[in-house]
Amino acid sequence: MTFENILLDKDGAVARVTINRPDKMNALNHQTLSELGEAFDDVKGDTDIRALVITGTGDKAFVAGADIGELLEVAGQSEEAAKLAGFGQSVFRKLDELGKPSVAMVNGFALGGGCELALACTLRTASNTARLGLPEVSLGIIPGYGGSQRLSRIAGPGVAREWILTGDMVSAEEAHRVGVINRIFAPEDLEEGTAKLVKSMLSKGPLAIELGMQAILRGWDMTQSEGEQMETEFFGKASVTEDMAEGMAAFLEKRKASFQGK
Ligand code: COA
């Protein structure tokens, strides 16, 4: 597949999407969002791929937000603006439905829509030089690509209120401290550290990984008892897989499990 504003690479079981608009700090315009949607569909449908890493070209920006030039085009048009937000949300929601984990490798500024893209990923790693934030209020708007919902769920409403209502940028260290960033590295170790995190998930049962991801994600919209009901169903599903038999046998035989995703 060829794209104008992103790169899609595959190496073994891992796909990588790189947002590639370095002259615009990898800002997300409509074209880039469309291409991301296509790439996510491709990754979802590719049974050889078991994890996705998303990053930005260069060492300055992961993604510095929605393209402000395009945001200006919908200024004063409520319906058009809402449509743009809905479109961005629909693209990022594809990551929820990917069936495999995604990791945002935050290599620089992750602001506005870029921060929201990172929040839509299953996990986030960052360079200790990166800066994150939801500065939309500085432009007189609010996050529109799911950020006001996901940040609360990931780091709690206190953090979400602080980030969204001040619009302040925070350091990667601070984002790590409040649980937005899962693992933080020196810039030169970001690739290797991210690869290690991905490898750790790849070595586990793929069906169990998917069920675990879904249990947490769907649980966001459930009461504790509804969530526990779902958990029992998923536990039952996992318990009839070949992967479970293999995982148990490998433990007893003191060897590494060879999961087949069945
Ligand atoms: N949309 C469109 N273009 C953007 C952009 C965005 N979100 N973020 C950066 N760019 C462009 C700049 O306009 C500039 O283009 P130019 O060279 O044609 O003027 C180029 O990227 C480089 O950015 P610049 O501001 O010169 O770099 P910097 O190192 O001084 O600052 C940032 C970097 C990220 C702090 C700054 O660009 C910024 O604040 N960007 C906007 C962040 C934002 O508010 N995002 C939320 C949008 S909802």
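Residues numbered from 1 in each chain as written. Predicted model: local features only at pLDDT ≥ 70, side-chain atom pairs only at ≥ 80, totals over all residues. Heavy atoms only, no water.

Turning next to the sheet that holds strand β2 (residues 14–19). The 6 strands are arranged β1-β2-β3-β5-β7-β10 in an open sheet whose pairing can be described as mixed. Each of the sheet's edge strands pairs with one partner strand only, and the pair in question is β1 (6–11) and β10 (183–185). Geometrically, the sheet is characterised by an average inter-axis angle of 20° between neighbouring strands, direction not taken into account. The sheet strands contacting helix α1 (residues 30–45) are β1, β2 and β3 (51–56), and the helix crosses β1 at an angle near 15°. (Pairing = 2+ DSSP bridges. Helix = DSSP H or I, 4+ residues; strand = E, 2+ residues; numbered from the N terminus. Axes fitted to C-alpha atoms, helices over the stretch in contact; angles between N-to-C directions. Contact = heavy atoms within 4.5 Å.)

This part takes up the site of the ligand. Of all residues adjacent to the ligand, which total 17 residues, the nearest are M25, K60, A64, A66 and I68. The separation between an oxygen atom of the ligand and a polar side-chain atom of K60 is 3.3 Å. Within the backbone of I68, one N or O atom sits 2.9 Å away from a nitrogen atom of the ligand. Considering the ligand on its own, with 860 Å² of exposed area, one finds that the protein chains cover 60% of that surface. Where the shell around the ligand is concerned, the elements lending two or more residues are α2 (68–73) and β6 (109–111). (Near = heavy atom within 4 Å. Polar contact = N/O pair within 3.5 Å; in protein donor to acceptor, adjacent residues only side chain to side chain. Areas by Shrake-Rupley, 256 points an atom, 1.4 Å probe, with all protein chains shown as cover.)

Our next topic: the domain arrangement of the protein. Under the domain assignment used here, the protein contains domain 1 (6–202) and domain 2 (206–252). On a C-alpha basis, the centroid separation for the pair domain 1 and domain 2 is 27 Å. Facing 10 residues of domain 1, the contacting portion of domain 2 comprises 8 residues. The junction of domain 1 with domain 2 conceals about 780 Å² of combined surface from both sides, 66% of it contributed by carbon and sulfur atoms. On the domain 1 side of the interface with domain 2, the three residues burying the most area are D96, G99 and R153, jointly 55% of the side's total. A salt bridge links R153 to D221; the shortest N-O distance between them is 3.2 Å. Inspection of the domain 1/domain 2 interface yields 2 residue pairs in polar contact (both at pLDDT 80 or more). With 3 residues, helix α5 (residues 147–155) is the largest single contributor of residues to the side of domain 1 that touches domain 2. (Domains from an automatic or database assignment. Buried area = accessible area lost by both parts, 1.4 Å probe. Salt bridge = Lys/Arg side-chain N within 4 Å of Asp/Glu carboxyl O.)

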